[in-house]
Amino acid sequence: MVLDFCISFGLAAPVVLSVVLYQVGHRAVAQGRVGPMTASLVYGLCVAALPLAVWWGVHALAEFYLLGESTSFWKPVLQIGLAFIMYAYLCISWALSFVAACLAAWRFTVCAKRLKQEALA
């Protein structure tokens, strides 16, 4: 139960945060305050850092609730299994973040081109 919640939260949190960051970046590009290249770079760096922070917190939370203060023989085995699961999901999150960053860079460029065409017209 706890592990399911942690994994769901770990997958959903970077997605929600990246959507919010995209909206902020898109608004800045649409208003002409930031260039598309700068917005893409900042967005890409933020989206690359988000999964690491989220999964680090999720791992700590899951370890606290699943293992607690147990001193049994199985605790190291469970810690290794939990670390492996979290690493696998971190890699999945980074892959999805890379796709999101590429799509956002494309949208920022399209928005800047449209803004330039409207200024010329």
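Everything here concerns the structure above.
Residues numbered from 1 in each chain as written. Predicted model: local features only at pLDDT ≥ 70, side-chain atom pairs only at ≥ 80, totals over all residues. Heavy atoms only, no water.

## A look at the overall build of the protein chain
For clarity, the threshold we go by: Strands are runs of DSSP state E lasting at least two residues, helices are runs of H or I lasting at least four, and both sets are numbered from the N terminus onward. The reference for a compact globule is 2.2 Å times residues^0.38; the radius of gyration itself is calculated from the C-alpha atoms. Type-normalised accessible area, obtained with a 1.4 Å probe on protein chains alone, sets the label of each residue: buried when under 20%, exposed when over 50%, and partly exposed for intermediate values. In this description, contact between two residues means that some pair of their heavy atoms is separated by no more than 4.5 Å. For accessible areas, the Shrake-Rupley method is used with a probe of radius 1.4 Å. Any residue's cover is judged against the shown protein chains and nothing else. Positive residues here are Lys and Arg, negative ones are Asp and Glu, while His and the chain termini are left out of the count. In this description, the location of a charge corresponds to atom NZ of lysine, CZ of arginine, CG of aspartate or CD of glutamate.
A count of helical and extended segments in the protein chain gives 3 helices and 0 strands. Each helix (α) and strand (β) of the protein chain, taken in turn from the N terminus, gives the series α-α-α. A compact globule built from 121 residues would reach a C-alpha radius of gyration of about 14 Å, whereas the protein chain, at 19 Å, exceeds it by more than 25%. C-alpha atoms of the protein chain, sized along the principal axes, occupy 70 × 20 × 15 Å. By the burial criterion, 26% of the 121 residues in the protein chain qualify as buried. Sequence separation of at least 24 residues holds for 82% of the intrachain contacts in the protein chain that already meet a minimum separation of 6. Summed over its atoms, the accessible surface of the protein chain is roughly 8,100 Å², and 75% of this surface lies on carbon and sulfur atoms. Of the side-chain charges in the protein chain, 7 are positive and 4 negative, and the distance between the mean point of each set is 24 Å.

## With respect to helix α3 (residues 74-120)
Operational definition: To estimate the expected span of a helix, subtract one from its residue number and multiply by 1.5 Å.
In this model, α3 (47 residues) spans 68 Å end to end at C-alpha, consistent with the 69 Å of a helix rising 1.5 Å per residue. Within α3, burial applies to Leu82, Met86, Leu90, Ser93, Ser97, Ala101, Ala104, Phe108, Cys111 and Ala112.

## Considering the packing of aromatic side chains
Stated precisely, the cut-off is as follows: Classification of ring pairs uses Phe, Tyr and Trp, with its six-membered ring standing for Trp, and accepts pairs whose centres are within 6.5 Å; under 30 degrees between planes counts as stacked, over 60 as edge-to-face, and the remaining range as tilted.
Following the criterion strictly, the structure yields 2 aromatic pairs and no others. Measuring from ring centre to ring centre gives 5.6 Å for Tyr22 and Phe108, while their planes differ by 15°; the resulting arrangement is stacked. One end of the pair, Tyr22, is in helix α1 (residues 2-30); the other, Phe108, is in helix α3, with 86 residues separating them in the sequence. The class of Tyr22 is buried, set by a relative accessible area of 18%. Residue classification places Phe108 among the buried residues on the basis of a relative accessible area of 0%. An angle of 90° between the planes, with centres 6.1 Å apart, marks the rings of Tyr43 and Phe108 as edge-to-face. Residue Tyr43 is located in helix α2 (residues 36-66), and its partner Phe108 is located in helix α3; the two are separated by 65 residues in the primary sequence. Grouping residues by exposure puts Tyr43 and Phe108 together as buried. Site record: aromatic cluster; members linked through ring pairs are Tyr22, Tyr43 and Phe108.

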